[in-house]
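Chain by chain, the residues:
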Amino acid sequence: MSWEEDEMLRALGAPDVAALFADIPAAVRVDGLDLPRGLAEPDVVSRVTSILRRNRMGEEMPTFLGAGLYDHFVPASVRAITARSEFYSSYTPYQAELSQGILQALFEYQSIVCELTGMDAANTSMYDGSTALGEAALMAARITGKREIVVPRALHWDRRQVLENYGRGPGLRIREVPFDRRTGTLDLAALRESVTEETAAVYVENPNFFGIFDDRVDEIREIARGLLVVGANPLSLAVARPPGDYGADIVVGEGQPLGNAVAFGGPLLGVFACREEHIRKMPGRVIGMTRDADGRRAFCMTMQSREQHIRREKAMSNICTNETLLAVASAAYGAILGGNGLRRLAERNVERARELAARIAGIAGFAAPAFHAEHFNEFVVRTARPYVEIHGALLRAGVHGGVSLEPHFPEVGHAALFATTEVHRLEDHDRLVAALEAAA
Amino acid sequence: MRFRQAVWDEPLLFEKRSNEVDPPKPGLVPPALERAELDLPNLPEWEVVRHFTRLSEMTFGIDSGFYPLGSCTMKFNPKVNEELAALPQVARVHPEQDVSTVQGALQILYELQQTLAAIGGMDAVTLQPAAGAQGEFTGLLMARAYHQDRGDGERNEVLLPDTAHGTNFASAGMLGFRVVEVPSKEGQVDLAALRKAAGPHTLALMLTNPNTLGIFESRVLDIADIVHDAGGLLYYDGANFNAILGKTNPGRMGFDMLHFNLHKTFTTPHGGGGPGVGPVGVTKALEPYLPVPQVAFDGARYSLDYARPKSIGKVRAWYGNFALLVRAYAYILGQGSDGLAWVTERAVLNANYLKKRLESHMDVPFPGLRKHEFVASGSGLRERGLRTMDLAKRLMDHGFHPPTVYFPHLIDEAFMVEPTETESKETLDAFADAVGAILKEDPDVVRTAPHNTAVSRVDEVLAAREPILSWRMWRRKKGG
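Residues numbered from 1 in each chain as written. Chains lettered and ligands numbered in written order. Predicted model: local features only at pLDDT ≥ 70, side-chain atom pairs only at ≥ 80, totals over all residues.

> Please clarify how the overall build of chain A should be interpreted in this entry.
Along its length, chain A carries 13 helices and 15 strands. On the principal axes, the C-alpha backbone points of chain A span a range of 85 × 55 × 50 Å. Among the 440 residues that make up chain A, the fraction classed as buried is 62%. (Helix = DSSP H or I, 4+ residues; strand = E, 2+ residues; numbered from the N terminus. Buried ≥ 20, exposed ≤ 12 C-beta atoms within 10 Å, placed from the backbone.)

Put into structure tokens, the structure is as follows:
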């Protein structure tokens, strides 16, 4: 018991701390926690690092995984900025006057997202790309009063399941549009048949789950009914037309590639942007520009009447805590690379993927890219024998291959989705190619 | 205390003088999809770092000063956890990696599942939900699956006390459930009203205990009986878990499910509003419905168990906010049973002491003990033409982040204070003294506060009436 605890107890007229818990009935009491006693800081470090050393990762094992998350190089300046404890240890900026800095940073994040997507407004984040899609579907249902969401069959399985769960409240029905077996892109004839009077939204991804750029976007807009929701890797938008250009109402995506770590799948950054006409129906926290009492520019959280703490069960979403710090990281990343840097990086990703696909295609027993189309930074590799066998051989050679598609897309045959980014050196590609040759 | 926040007339990134734009490289994207323009600034790295450093100086974090936001548990975030979470064995591990290459990550997840289950008095835990509100969503989805599985699928009402967090209402609303509000009496759930509200349509009751007034619901076992007798489930909102570590747990109180806010109780930082983590614990009866995958251990190897036919599926991609789970894991290791018990004891001592100090300046409705927080009323300010918001804003000039204001709704001009355990008596005294001093100040000074922050009182009405949400909207608006 420290002197100050002693003084506080005396001021309260309490004999001991136990007296402060007299209101907890004996019937629900527990006698402490059944855990080991605390460790000193050096022991915590050694315990945690020794466990983590059992992980293998990109640094020592070239890893060609993507499927929505991509290991990009993050400049040290980005981490230096998010390591400012004013940013990482602050709460939601309810009190604007004391929080101008992070509010401005978030306004800048929203602005960068809007430039990339061609939308007018963005929120400060959803949990990840999958919940951003779920929220977009709910928003489309709110706006149109309809219940059907049309989605591509070529969709990450997690994203599909999350969408189903988000749709349970209003009872959204999900209709699936197959992909063309040759090009891997959306089957537009099937899309035409899938949209109806009841369509609240058509969701397409570009680049799609197989990493393919679809240039038939204007045709898709024409066919679509309800809202057009586009899912995009924000980095790809440094080289690809912004979805706002081709009529998207809402743009969602996984923002991790913009300056955030893959981190075994979390925390992630749900990008969510929309046209101005829809902003009052948008979920999540939004920062607006305004004035202070002296007429100076200021920022604050705005349109809060859409949110849970005001609107309660009629709120646009239940989201409260979101992924703010990752949004700050993305703003810093976007600013450090700048428009030129982002474009060069995206271009390099396309080039690297082309080079790698061409090399894999040169190995007997492999087809890459399996689909005849233009790709961003990942592509499907078709293999002569079950991919799982090749996967194991690669691991034994110290290389991590792509995501197996066999369990989720049996119609593609023996195949896997391989991604490459600027973190891969030429030697990494060499190692993969050599390991594939040995495994073929 | 004297305090002046930094003031920088820092322009938007977009307003800084940008270098010229490089031309795109042709032939990399299908022509019909090629992007013509990318209107993002091109600045030297040092300018960007200085820009954000200045912005950070106009932001107030827990390391800057006292941050007694009620129900938010703004406590010190141990620095060692930041270092651990930044290791490449955390940052550069991909969630689609083969399980043989992520045994370390899975071990941490598995042990955290077990530890949190023990802390909560539950049988199993999912680490997947990204935040407390998503934990609620997950819990309610499981409750629905549980009832449907028993052929009792008509239940569609969620009972919520009038002191409940806004997210409880919104989570129920998002899933299309009907909210039935249960009034409180003397700061606790009114049992007679609860008896009337509970019935064959009750899906679940959501309750936080201690409630948002900081009062322990001492008849929680009666509450549990009433809801269980009606066939409903009990969901524990763990936002206030800092008040009960080692003293009681939701399992012991009769709850069937709970979420933890690891970014509150277990110090993973709030990040300016996120990321958080909202693991959900359940009793045996609900375990089959947990999201997939669960992390499993056979004594030699850790694995991801997807073979769970009754699972509700997924509520977000992959397994949870891993980098934050690592921080929470390290925090629990460092605290242990002794440290966590101290956390609650000191948090409760600090709250009761500060309540006592503030009672000489403000009305604190409902007598008696509090747990980790308390709610005062600023209604007495009215006679001087002031409101709670004015007091809150003026506290900033003293170097304090204001408490939560205007919540919970049943307290007039609510002023909701949660000091947490990581504050010294000196700070609590200074805060109470500041409140006392402000109440004696010239009301005009208080009404126009803050005066020492980067900007003066912000016009939130204008922001909502004429929304400017991006650089594009701003440029359009000013006709640029």
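> Would you mind showing me how to read the overall build of chain B here?
A tally of helices and strands in chain B yields 14 helices and 14 strands. With 480 residues in all, chain B has 60% of them scored as buried. Within chain B, counting contacts between residues at least 6 apart in sequence, those at least 24 apart form 72% of the total. (Contact = placed C-beta atoms within 7 Å.)

> Mind showing me how you'd approach the sheet that holds strand β13 (residues 378-383) of chain A here?
Strand pairing in a sheet is mediated by backbone hydrogen bonds. Such pairs are either parallel or antiparallel. Residue and element names in this part refer to chain A. The four strands lie next to each other as β11-β13-β15-β14, forming an open sheet whose pairing is antiparallel. Each having just a single partner strand, β11 (366-367) and β14 (403-404) make up the two edges of the open sheet. Taken together, the two bridges between β14 and strand β15 (residues 415-419) define a ladder with antiparallel strand orientation. Looking across to β15, one finds that Val403 is bridged to Leu417. Together, β11 and β13 form the strand contacts of helix α11 (residues 324-361), whose direction differs from that of β13 by roughly 5 degrees. (Pairing = 2+ DSSP bridges. Axes fitted to C-alpha atoms, helices over the stretch in contact; angles between N-to-C directions.)

> It is not clear to me how the domain arrangement of chain A should be interpreted in this structure. Could you clarify?
The figure often quoted for interface size is the accessible area lost as the parts come together. All names here are of chain A. Domains assigned within chain A are domain 1 (76-333) and domain 2 (338-439). Facing the 15 residues of domain 1 at the interface are 18 residues of domain 2. In the side of domain 1 that touches domain 2, the residues fall into eight nonpolar, six polar and one charged. (Domains from an automatic or database assignment. Nonpolar A, V, L, I, M, F, W, Y, C, P; charged D, E, K, R; others polar.)

> What am I meant to see in the interface of chain B and chain A here?
Taken together, the contact between chain B and chain A spans 165 residues of the former and 162 residues of the latter. Tallying contributions element by element places helix α9 (residues 322-358) of chain B first for the side of chain B that touches chain A, with 20 residues. Residue composition of the side of chain B that touches chain A, grouped by class: 88 nonpolar, 51 polar and 26 charged.

> Got a minute to help me understand the pairing of strand β11 (residues 302-305) of chain B in this structure?
Consecutive residues of a regular strand have side chains that alternate between opposite faces of the sheet. Residues and elements named next belong to chain B. Pairing of strand β10 (residues 294-297) with β11 involves four bridges; the strand directions are antiparallel. Bridge assignment links Gln294 to a residue of β11, and that residue is Asp305. Hairpin connection of β10 to β11: four residues between the antiparallel strands, including Gly299 at a positive phi of 100 degrees.

> What should I look at first to understand the packing of α11 of chain A against helix α1 (residues 45-57) of chain B in this one?
How two helices pack is summed up by the angle between their axes together with the distance between the axes. Between α11 of chain A and α1 of chain B, the shortest axis-to-axis distance is 8 Å and the interhelical angle comes to 155 degrees. The orientation of α11 of chain A with respect to α1 of chain B, classified from their angle, is roughly antiparallel. Where α11 of chain A crosses over α1 of chain B, the two elements pack in a sense that is right-handed. From α11 of chain A, Ala332, Ala335 and Ile336 of chain A reach across to α1 of chain B, where they touch Glu45, Val48 and Phe52 of chain B. (Parallel < 35°, antiparallel > 145°, perpendicular 65-115°, else oblique. Left-handed = near helix turned anticlockwise from the far one by under 90°.)

> Would you mind showing me how to read the sheet that holds strand β14 (residues 414-417) of chain B here?
The three strands are arranged β12-β14-β13 (chain B) in an open sheet whose pairing can be described as antiparallel. Edge positions in the open sheet fall to β12 (374-377) and β13 (404-405) of chain B, since each of these has one partner strand only.

> Is there a simple way to think about α11 of chain A in this case?
An α-helix turns once per 3.6 residues; consequently, residues spaced three or four apart project the same way. Compared with an ideal rise of 1.5 Å per residue, which puts 38 residues at 56 Å, α11 of chain A spans 42 Å between its outermost C-alpha atoms and falls more than 12% short. Roughly 90 degrees is the biggest bend found in α11 of chain A, and it falls at Gly338 of chain A. (Expected span 1.5 Å × (residues − 1). Bend = angle between axes of the 7 residues up to and from the residue.)

> Just to check I follow, could you spell out the domain arrangement of chain B for this structure?
Residue and element names in this part refer to chain B. Assigned domains within chain B: domain 1 (80-334) and domain 2 (340-463). Computed over C-alpha atoms only, the centres of domain 1 and domain 2 are separated by 30 Å. With 18 residues of domain 1 at the interface, the matching set in domain 2 holds 17 residues. Its residues assigned to classes, the side of domain 1 that touches domain 2 comprises seven nonpolar, eight polar and three charged.

> I'm lost on unusual backbone geometry in this one. Help?
As a rule of thumb, non-glycine residues mostly have phi less than zero, and peptide bonds are mostly trans rather than cis. Cis geometry is adopted by the peptide bond preceding Pro267 of chain A, which originates at Gly266 of chain A and carries an omega value of 5 degrees. Inspection of the secondary structure puts Pro267 of chain A in the loop between β7 (250-254) and β8 (270-274). Going from Phe407 of chain B to Pro408 of chain B, the amide bond is cis rather than trans, its omega being -5 degrees. Looking at where Pro408 of chain B falls in the secondary structure, it is placed in the loop between β13 and β14. The phi torsion at Trp318 of chain B lies on the positive side, around 60 degrees, for a residue other than glycine. As for its placement among the helices and strands, Trp318 of chain B is situated in the loop between β11 and α9.

> How should the pairing of strand β8 (residues 257-260) of chain B be read in this particular structure?
All names here are of chain B. In β8, alternate side chains face the same way, and those of Met257 and His259 on one face and Leu258 and Phe260 on the other are all buried. Of the pairings in the sheet, the one linking strand β7 (residues 233-238) to β8 comprises four bridges and is parallel in character. Residue pairing across strands places Asp237 opposite His259, the latter belonging to β8. Where β8 meets strand β9 (residues 280-282), three bridges bridge the pair, whose relative direction is antiparallel. Note that in β9 the partner of Met257 across the bridge is Val282.

> Can you walk me through the packing of helix α5 (residues 132-149) of chain B against helix α6 (residues 166-174) of chain B in this structure?
Residues and elements named next belong to chain B. Interaxial distance between α5 and α6 falls to 9 Å at its minimum, and their mutual angle equals 45 degrees. When the axis of α5 is compared with that of α6, the two are oblique. For α5 against α6, the interelement crossing comes out right-handed. Along its contact with α5, which presents Gly132, Ala133, Glu136, Phe137 and Leu140, the element α6 presents Thr167, Asn168, Ala170, Ser171, Ala172 and Met174.

> Would you mind going over the nonpolar core with me for this structure?
The nonpolar side chains of soluble globular proteins are, as a tendency, buried together. Formed by 307 residues in total, the largest nonpolar core has its most connected members in Ala121, Ala137, Val229, Val328 and Ala332 of chain A together with Met142 and Leu325 of chain B. Examining the composition of this core, we find that 20 residues originate from one element, α9 of chain B, more than from any other. (Core = buried A, V, L, I, M, F, W, Y, C linked by C-beta atoms within 7 Å.)

> Mind showing me how you'd approach the confidence of the model for chain B here?
Note: predicted coordinates in regions of low pLDDT should not be interpreted at a detailed level. On average, residues of chain B score 97 in pLDDT, and 100% of them are at 70 or above. Among the scores for the predicted complex, ipTM is 0.98 and pTM is 0.98. (pLDDT = per-residue confidence, 0-100.)

> Help me understand the environment of Asn156 of chain B, please; the structure alone is not making it clear to me.
All names here are of chain B. Along the chain, the position of Asn156 falls in the loop between α5 and β2 (157-161). A C-alpha to C-alpha distance of 52 Å links Asn156 and Glu15, two positions 141 residues apart in sequence. Not counting chain neighbours up to four residues away, the residues in contact with Asn156 comprise Phe177, Arg178, His201 and Leu203.

> What is the right way to look at the environment of Ser236 of chain A in this model?
All names here are of chain A. Examined against the element boundaries, Ser236 turns out to sit in the loop between β6 (227-231) and β7. In sequence terms Ser236 and Leu342 are 106 residues apart; their C-alpha atoms lie 8.9 Å from each other. Every residue in contact with Ser236, bar those within four places of it in the chain, is listed here: Pro207, Ala346 and Phe376.

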